[in-house]
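# Architecture and fold: a report
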Amino acid sequence: MNNNFIKCGLAGWAAELCYTSLVAHSDRQDKRLIGQTSLYMFPIYGMAAAIHPLHRALSSRSRLMNKSALCRGGVYTGLIFLTEYCSGWILRKAGRCPWDYSRCRFNINGLIRLDFAPLWFALGLFYEKYTERL
């Protein structure tokens, strides 16, 4: 799991850098494609290593979960939201939260954005396959 933790942390960082650089390009017409992330995000993304044992447990107990990407993706989305909210809450209490979604339309306490659900859904299924191969 330690190896998966490192690889998931690195993959999360890479995904965030790509996403933030594309957002900067589309929102501000910044052609430099400069993305940003935080060192605090590495362990948060690294926790996605838990998806592999979770996937095995879900698949062994339920045929529906084994066959249905929709069900598994929904579970992963919920867990990612929970992780994002809890880690953001802890980091905010320490004055170190690198994100603030307060100005976004579908935010909850500025810590999560419900409109990110499709992104988290896709990322959860990506991590499932990524950790399966590792």
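Residues numbered from 1 in each chain as written. Predicted model: local features only at pLDDT ≥ 70, side-chain atom pairs only at ≥ 80, totals over all residues. Heavy atoms only, no water.

## Describing a nonpolar patch on the surface
Here is the rule we go by: Patches here are clusters of residues that have more than 30% relative accessible area and form no salt bridge, with a 9 Å joining cutoff for like charges and a 5 Å cutoff for nonpolar side chains (Val, Leu, Ile, Met, Phe, Trp, Tyr). In this description, accessible areas are obtained by the Shrake-Rupley approach with a 1.4 Å probe, and a residue is regarded as covered only by the protein chains that are shown. Every case where a carboxyl oxygen of Asp or Glu lies within 4 Å of a side-chain nitrogen of Lys or Arg is listed as a salt bridge. Labels follow the DSSP assignment, with helices taken as runs of H or I lasting at least four residues and strands as runs of E lasting at least two, numbered in each case from the N terminus.
A grouping of F106, I108 and L114 is seen on the molecular surface, where their side chains present a nonpolar patch of about 250 Å² in accessible area. In this fold, F106 is placed in the loop between α5 (69–93) and β1 (107–108).

## Things to note about α5
The following threshold applies: The span expected for a helix works out to 1.5 Å for each residue beyond the first. Buried, partly exposed and exposed residues are distinguished by accessible area as a fraction of the type maximum, computed with a 1.4 Å probe on protein chains only: under 20%, between the cut-offs, and over 50%, respectively.
Between its first and last C-alpha atoms α5 spans 35 Å; for 25 residues at 1.5 Å apiece the expected length is 36 Å, and the two agree. Taken together, the buried positions of α5 are R72, G73, Y76, T77, I80, F81, E84, S87, G88 and L91. Directly after α5, the chain includes G95, whose backbone phi takes a positive value near 70°.

## Regarding the nonpolar core
Worth spelling out the cut-off: What is meant by a nonpolar core is a set of buried Ala, Val, Leu, Ile, Met, Phe, Trp, Tyr and Cys residues, joined one to another through side-chain atoms within 4.5 Å.
Core analysis: the biggest nonpolar cluster contains 23 residues, and C8, W99, W120 and Y127 have the highest contact counts within it. Considering every element that reaches this core, the biggest residue donor is helix α6 (residues 117–133), with 5 residues.

## Quick word on the layout of surface pockets
The following threshold applies: A 1.4 Å probe that fits but cannot get out identifies a cavity on a 1 Å grid over protein atoms alone, an open set with protein on both sides within 12 Å along at least five of seven lines counts as a pocket, and a residue lines either if it has an atom within 4 Å of a point. Grid points are joined across faces, edges and corners, and a volume is the space filled by probe spheres set on the points. Each residue is assigned to one of three groups, with Ala, Val, Leu, Ile, Met, Phe, Trp, Tyr, Cys and Pro labelled nonpolar, Asp, Glu, Lys and Arg labelled charged, and all others, Gly among them, labelled polar.
Taken as a whole, the largest pocket encloses approximately 1,200 Å³ of empty space. Considering the residues around the largest pocket, the lining is formed by 40 residues, among which E16, Y45, Y101, F116 and W120 are closest to the centre. Elements represented by at least two residues in the lining of the largest pocket include exactly α1 (2–28), α2 (41–46), α3 (51–61), α5 and α6. Per element, the largest residue contribution to the lining of the largest pocket is 9 residues, and it comes from α1. Partitioned by chemical class, the residues of the lining of the largest pocket number 26 nonpolar, 7 polar and 7 charged.

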